[in-house]
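A structural walkthrough
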Amino acid sequence: MIEHAVAIAGGGPTGLMLAGELALAAVDVAIVERRESQDFAGLRTGGLYSRTTEVLDQRGIADRFVSQGQVFRRAPFAGITLDISDLPSRHNYYLALWQTRFESILADRVGELGVPILSRA
């Protein structure tokens, strides 16, 4: 049996981000994930809004995402497109980036921090 102070159920964006934050705080953490990799069937979200990119920037990792995505000054919202270029933010754009890619970026980060991702498979 493997023991850790914290076990996170699920290696999606939330679990990966939480694991990274706990690891930075020197908490012994592991992720338990049913998938063997960050791959999944079907499409999920296709991008990050300004506030999400701001949070990633506060954590020092926004560049990893921006370098892999495509910046749009207009963002989809509730079936319409909004011009967000005048938002009071360094990240006044929508970053087009498929969830599979940003999960992979977060998985790389937690790997760098030494967080194990344990597959149930």
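The residue count restarts for each chain, going from 1 along the sequence in the order it is written. Since the coordinates come from a predicted model, pLDDT governs what is reported: local features require at least 70, and pairs of side-chain atoms require 80 or more to be given and counted, while whole-chain, interface and lining totals use all residues. With hydrogens and water excluded, all non-hydrogen atoms of the structure serve as input to the side-chain values.

The end-to-end C-alpha distance of helix α4 (residues 99-112), which contains 14 residues, comes to 20 Å, matching closely the 20 Å that a straight helix rising 1.5 Å per residue would cover. Looking at α4, one finds that the buried residues are Gln99, Phe102, Glu103, Ile105, Leu106, Ala107, Arg109 and Val110. Should any heavy atoms of two residues lie within 4.5 Å, those residues are counted as being in contact. The way it works is that DSSP assigns letters per residue, a run of H or I at least four long becomes a helix, a run of E at least two long becomes a strand, and they are numbered from the N terminus. Its buried side turned inward, α4 meets α1 (13-24), β2 (29-33), β3 (47-48), α3 (62-66) and β8 (117-119). Just past α4, the residue glycine 114 takes up positive phi, approximately 85°. What a helix should span is 1.5 Å times the count of its residues minus one. For each residue, the accessible area found with a 1.4 Å probe, counting protein chains only, is set against the maximum for its type, and the residue is called buried under 20%, exposed over 50%, and partly exposed in between.

Before going further, it helps to spend a moment on the nonpolar core. When a protein is soluble and globular, its nonpolar side chains tend to lie buried together. Grouped together as the largest cluster of nonpolar side chains are 22 residues, with contacts concentrated most on Ala19, Val29, Ile31, Leu56, Phe65 and Val115. Sorting the residues of this core by element identifies α1, β2, α3 and α4 as the ones contributing at least two each. The contacts of valine 115, once residues within four sequence positions are left out, are Ala19, Ala23, Val29, Ala30, Ile31 and Val110. In plain words, nonpolar cores are sets of buried Ala, Val, Leu, Ile, Met, Phe, Trp, Tyr and Cys residues tied together by side-chain atoms within 4.5 Å.

So, on to the sheet that holds β2. Taken together, the three strands give an open sheet; going across it, the order is β1-β2-β8, and neighbouring strands pair in parallel fashion. At either margin of the open sheet sits one strand with a lone partner, and together these are β1 (6-9) and β8. Going across the sheet, the axis of each strand differs from the next one's by a mean of 30°, ignoring polarity. Inspection of the sheet shows β1 paired to β2 by four bridges, in the parallel sense. Paired with alanine 9 across the strands is valine 32, a residue of β2. Axis definition: a line fitted to C-alpha atoms, limited for helices to the stretch in contact. Angles are taken between N-to-C directions and run from 0 to 180 degrees. The strands that α1 touches are β1, β2 and β8; relative to β2, the one it contacts most, it runs at about 165°. At least two DSSP bridges between two strands are needed for those strands to be called paired.

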